[in-house]
Amino acid sequence: MAQLVDPPRVAVLIPCLLTGGTEVATLETAMALHALGFAVEVVVYFDEVDATMLRAFESSGVRVRCLRLQRGAGVFAQLRLAWALAHALWRGPRPALVWLQYLTPTLLPLLVARPFTRRLVATVHVAAEHFGSRAQRRLRWLAAHWCDRVVCVSDTTATSLFGADAAARTRIAVIANAVDTDAARDAVPVPWRERAGWPEHAMVVGYVGRFATIKGPDLLLDAFALLASEHDKVRLVLVGAGAEDGALRAQASRLGIADRVHFAGPLPRMQVFSALRGFDLAVVPSREEGFGLSAAEAMAAGIATVATHVGALPEVLAQGRIGVLVAPESPAALAQGMAALLDDPVRRATLATAAAADIARRYGRDALRRALAALCDELGVNVEAGR
């Protein structure tokens, strides 16, 4: 009788478990690795855990271990983090793979994890311009000498960070974030007009994301004020939360558009696609993007999208073939891009249909599973449970 063998263990390390794009990408990666036959454990360092996101991980069959550390500076905080991570990795079978999902606020987890695993992988989720020159040099050294692979979530980021470094490029893999395209297609739209008390003929422009400067919601408000001055039917929905919430509300009042802007607050992860499908037009006004998950999700939901020409957004929007790209840091350009689609329903529908099909092909869950299986094969990690 054949002896049963436990599936190989994969430890995924992440600083926090909130509701941002990195956490969503981590969930998709963990689910894909679990589907490939691994025993996946997500180790969260800091005591920054969203209960809804935690349930999403746990319901997917992925184990989550929360270390509940407090963020802190100084030697003692680093020692606490190192000890806690070492203890988490030491317990249980030796991981066949340790995967670090975020390279800030410290590279210490990469140093701690190396003795505990055969294979070490780290993911770069942010754009190259997020790193200073010294940090970029460290990344190239880690790619060439410390990690077995560094995964970039876009070709744009990989080329920007490692394009001229031959030693590092041999250990770089590009694995894009995944979108649950079935959920995006089948989601029931939120009736934003009814919820906000707007007339039935209103045209709903929408944003889903963090209220943070890097994501550009302030640019969107400035652009929307310009758009609203010439388009009486337009309304704006902002879905999300963050440090800029109060400033954005004050900005809407100052611009005289508060009665046309609905602050919907944050929504549980499972309601994001419903929120998107209630829009007539989605806008991604970012100042920096390593991938652009919010744009990919909007297009997967069948919503025409306008995005700024920064980071990997041109890559995700297929260089403007499936969406509208506009100059960054320009409310006027953003307003013009929105107006162009709102005034042309045929073009808007054509782009939306083409985008949904393209996103499903390039960024669906099947594409992620294939990419992860290929990576594990390259690394010599057994992806067959129980073999």
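Use the structure listed above.
This is a predicted model, so every value here is computed, not measured.

Rules of the game
Residues numbered from 1 in each chain as written. Predicted model: local features only at pLDDT ≥ 70, side-chain atom pairs only at ≥ 80, totals over all residues. Heavy atoms only, no water. Helix = DSSP H or I, 4+ residues; strand = E, 2+ residues; numbered from the N terminus. Core = buried A, V, L, I, M, F, W, Y, C linked by side-chain atoms within 4.5 Å. Buried < 20%, exposed > 50% of the residue type's maximum accessible area, 1.4 Å probe, protein only. Contact = heavy atoms within 4.5 Å. Pairing = 2+ DSSP bridges. Axes fitted to C-alpha atoms, helices over the stretch in contact; angles between N-to-C directions. Parallel < 35°, antiparallel > 145°, perpendicular 65-115°, else oblique. Nonpolar A, V, L, I, M, F, W, Y, C, P; charged D, E, K, R; others polar. Phe/Tyr/Trp six-rings, centres within 6.5 Å; stacked < 30°, edge-to-face > 60°. Lys NZ or Arg CZ within 6 Å of the ring centre and 35° of its normal.

Comments concerning unusual backbone geometry
Phase 1: Positive phi values are uncommon outside glycine, yet Gln319 reaches one of about 55°.
Phase 2: Within the element layout of this structure, Gln319 appears in the loop between helix H14 (313-316) and strand S13 (324-326).
Phase 3: Even without a glycine there, the phi angle at Glu329 is positive, about 60°.
Phase 4: Mapped onto the elements of the fold, Glu329 is located in the loop between S13 and helix H15 (331-342).

Observations regarding the nonpolar core
Phase 1: In this structure, Leu33, Val42, Trp99, Phe279 and Ile359 are the most contacted members of the largest nonpolar core, which totals 73 residues.
Phase 2: When neighbours within four sequence positions are excluded, Ile359 is seen to be in contact with Val179, Thr181, Ala296, Met299, Ala300, Val316, Ile322 and Gly364.
Phase 3: The next biggest cluster of nonpolar side chains, apart from the first, holds 39 residues, and it includes Leu69, Leu89, Leu103 and Ala168.

Brief notes about the sheet that holds S13
Phase 1: Pairing is parallel across the open sheet formed by 6 strands, whose spatial order is S10-S9-S8-S11-S12-S13. Each end of this open sheet is capped by a strand with a single partner; those strands are strand S10 (261-265) and S13. In this sheet, neighbouring strand axes are inclined to one another by 25° on average, regardless of whether the strands run parallel or antiparallel.
Phase 2: For strand S12 (residues 305-308) and S13, the ladder comprises 3 bridges, and the chain directions are parallel. Residue Thr308 lies in a different strand from S13, and its bridge partner there is Val326.

Description of the packing of helix H5 (residues 133-146) against helix H6 (residues 155-162)
Phase 1: In the contact formed by H5 and H6, the axes pass within 10 Å of each other and the chain directions differ by 100°. As judged from the angle between their axes, H5 and H6 are roughly perpendicular. Along its contact with H5, which presents Gln136, Leu139, Arg140 and Ala143, the element H6 presents Ser160, Leu161 and Phe162.
Phase 2: Among the residues forming the contact of H5 with H6, the class breakdown is 4 nonpolar, 2 polar and 1 charged.

Looking at the packing of aromatic side chains
Phase 1: Under the counting rule described, the total for this entry stands at 6 aromatic pairs.
Phase 2: With 6.2 Å between their ring centres and 85° between their planes, Phe211 and Phe263 make a pair best called edge-to-face. Residue Phe211 is found in the loop between strand S8 (203-208) and helix H10 (217-228), and its partner Phe263 is found in strand S10; the two are separated by 52 residues along the sequence. The two residues Phe211 and Phe263 agree in class, both being buried.
Phase 3: Arg195 extends its terminal NZ or CZ atom over the ring of Trp192, reaching a point 5.4 Å from the ring centre.
Phase 4: It is Arg269 that lies over the ring of Phe273; its NZ or CZ is 5.8 Å from the centre.

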